[in-house]
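# Topology and contacts: notes
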Amino acid sequence: MRFQTEVWERYADSQNRAKRALRKATAKGTDMKLPVLNDILDRNKLAYTVELGIVEIPVSQIVGIGIDTDRDLYIRDFRPLSSVQSEFAEAWTEIYKQHLTDTGLVDPIRCCEYLGKFYVMDGKKRVSVLKAHGTMMVKAEVTRFLPEMSDDVQIQSYYEFLKTYEKTGLYQVAFTQPGQADGFLKALGHDSAHVWNESDRFSLLFHWRPFERALEIAFDGMLNITTADAMMVLFRNHTYTELCKMPSWVLAELMQESWEDMYRICDPNFNIDARVA
């Protein structure tokens, strides 16, 4: 009975957070709707698509939906909006209970990947549950959409990521600006030509969440950079081994102290002296 209550409390908490975030965003004129991949692709040229099969992907990089279906049931981070008395809430809690069993959620979700981000085609409730539970990784059947190569920095960074992904098998090792991957891998103690094994991946993922959480604490989603971007800035003054021993709140303080360098990742031409003047 207590277990059933805890599950419903988790849904109510997620729904209340969603409503509060939506009210705050509405007051600021901010759009909190989930991005739709079809809308994004309509504005960009594609080279081709690749079926990746079933792979493990980071839940944090699931950012939207493939087509505009059930969009109004969630806000941007997949937190649910439906009342606790709704059929949606009942289905959500059943999925949550299944997630907590020994077998967990067996069936992979189905999604599309574009520029290193994922858009759900099938499994939106599962993603909502996984995000509410703080799950890091999920199995997914993935179709990759590749844009045409151009001089756009985002697309250049993405094609560099694809080369790194062939070695690491991890979506997390991605950067806002090109030319960062080799330095990142070296800081972790790997040569850029090294093909990662399961132990290598497990080691990085084991330490990943504190860095990810630190970035959330430091900038509250207001800085559009990756966790790997932030780690690269910290590597200038600390070794990876040193950083792995620090809790999230200490890492967040270090990130805040380096906010100018963090900002330059988004805007390489940023000049604090010019702005002050």
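The preceding data block contains the structure.
Our subject in this report is the structure included herewith.

One open sheet accounts for 5 strands, arranged β1-β5-β3-β4-β2; its pairing is mixed. With partners counted over all chains shown, the strands left at the sheet margins are β1 (46–58) and β2 (62–65), one partner each. When strand polarity is set aside, the average angle formed by the axes of neighbouring strands in this sheet is 30°. When β2 meets strand β4 (residues 117–122), the two strands line up parallel, connected through 3 bridges. Across the sheet, the residue bridging to Ile 65 is Val 120, located in β4. The strands touched by helix α5 (residues 153–168) within the sheet are β1, β3 (109–114) and β5 (137–147), with β5 carrying the most contacts at an inclination of about 130°.

Before going further, it helps to examine empty space enclosed by the protein. For the structure on display, the rule yields 1 cavity of 30 Å³ or more. The space that makes up the largest cavity amounts to roughly 40 Å³. Every residue along the wall of the largest cavity is listed here: Ser 157, Glu 160, Phe 161, Thr 164, Val 173, Ala 174, Phe 175, Gln 177 and Ala 181. Top element by residues in the lining of the largest cavity is α5. It accounts for 4 residues. Residues belonging to the lining of the largest cavity are distributed by class as follows: 5 nonpolar, 3 polar and 1 charged.

The N-to-C vectors of helix α3 (residues 87–99) and helix α4 (residues 124–133) enclose an angle of 60°; their axes lie 9 Å apart at closest approach. On the basis of the axis angle, α3 is oblique to α4. Every pair of crossing elements has a handedness; the one defined by α3 and α4 is right-handed. Counted together, Phe 88, Ala 91, Trp 92, Ile 95, Tyr 96 and His 99 of α3 and Lys 125, Arg 126, Ser 128, Val 129, Leu 130, Ala 132 and His 133 of α4 form the full contact between these two elements. Grouping the amino acids of the contact of α3 with α4 by side-chain chemistry returns 8 nonpolar, 3 polar and 2 charged.

Okay, the environment of Asn 16 next. Mapped onto the secondary structure, Asn 16 falls in helix α1 (residues 2–28). Classification of Asn 16 as partly exposed rests on a relative accessible area of 33%. In sequence terms Asn 16 and Val 84 are 68 residues apart; their C-alpha atoms lie 10.0 Å from each other.

Now for α4. Buried residues of α4: Lys 124, Arg 126, Val 127, Ser 128, Val 129 and Leu 130, and no others. At its buried positions, α4 is contacted by β2, α3, β3, β4 and β5.

Reported here for the second largest pocket is a volume of approximately 270 Å³. What lines the second largest pocket is a set of 13 residues, and nearest its centre among them are Glu 56, Met 137, Glu 198, Arg 201 and Leu 205. Elements supplying a minimum of two residues to the lining of the second largest pocket: β1, α5 and α7 (198–219). The biggest single contributor to the lining of the second largest pocket is α7, with 5 residues. Classifying every residue of the lining of the second largest pocket gives 8 nonpolar, 2 polar and 3 charged.

Opposite charge on two side chains permits pairing when their charged atoms draw close. According to the stated counting rule, one finds 12 salt bridges in the structure shown. Of the charged contacts, one joins Asp 261 and Arg 236 as a salt bridge, the two residues approaching to 3.3 Å between their closest N and O atoms. With Asp 261 in helix α11 (residues 259–266) and Arg 236 in the loop between α8 (227–234) and α9 (240–244), this residue pair connects regions lying 25 residues apart in the sequence. Take Asp 261: its relative accessible area is 26%, and that puts it in the partly exposed class. Look at Arg 236 and you get exposed, because its relative accessible area is 54%. Ionic contacts of the salt-bridge type, sharing partners, join the residues Arg 209, Glu 212, Arg 213 and Glu 216 into one network.

What counts, and where the lines are drawn
Along each chain, residues carry numbers from 1 onward, in the same order as the chain's sequence is written. Two thresholds apply to this predicted model, a pLDDT of at least 70 for residue-level local features and 80 or more for giving and counting side-chain atom pairs, whereas whole-chain, interface and lining totals are computed over all residues. Note: side-chain values were computed over all heavy atoms of the structure, leaving out hydrogens and water. At least two bridges found by DSSP between two strands are what make those strands a pair. Note on conventions: DSSP H or I runs of at least 4 residues are helices, E runs of at least 2 residues are strands, and numbering of each starts at the N terminus. As a rule, the C-alpha atoms of each element are fitted with a line to give its axis, helices using only the stretch in contact, and angles between N-to-C directions run from 0 to 180 degrees. In what follows, residue pairs with any heavy atoms lying within 4.5 Å of each other are defined as contacts. Buriedness of a pocket was judged along seven lines, with at least five required to meet protein on both sides within 12 Å; pockets are open sets of points on a 1 Å grid over the protein atoms alone, cavities are sets where a 1.4 Å probe fits but cannot get out, and lining residues have an atom within 4 Å of a point. Grid points are joined across faces, edges and corners, and a volume is the space filled by probe spheres set on the points. Each residue is assigned to one of three groups, with Ala, Val, Leu, Ile, Met, Phe, Trp, Tyr, Cys and Pro labelled nonpolar, Asp, Glu, Lys and Arg labelled charged, and all others, Gly among them, labelled polar. For classification purposes, an angle smaller than 35 degrees is called roughly parallel, one larger than 145 roughly antiparallel, one from 65 to 115 roughly perpendicular, and anything else oblique. Two helices cross in a left-handed way if the nearer one is turned anticlockwise from the farther one by less than a right angle. They cross in a right-handed way if the turn is clockwise. Relative accessible area decides the class of each residue, using a 1.4 Å probe on protein chains only: under 20% of the type maximum gives buried, over 50% gives exposed, and in between gives partly exposed. Salt bridges are counted wherever a side-chain nitrogen of Lys or Arg sits within 4 Å of a carboxyl oxygen of Asp or Glu.

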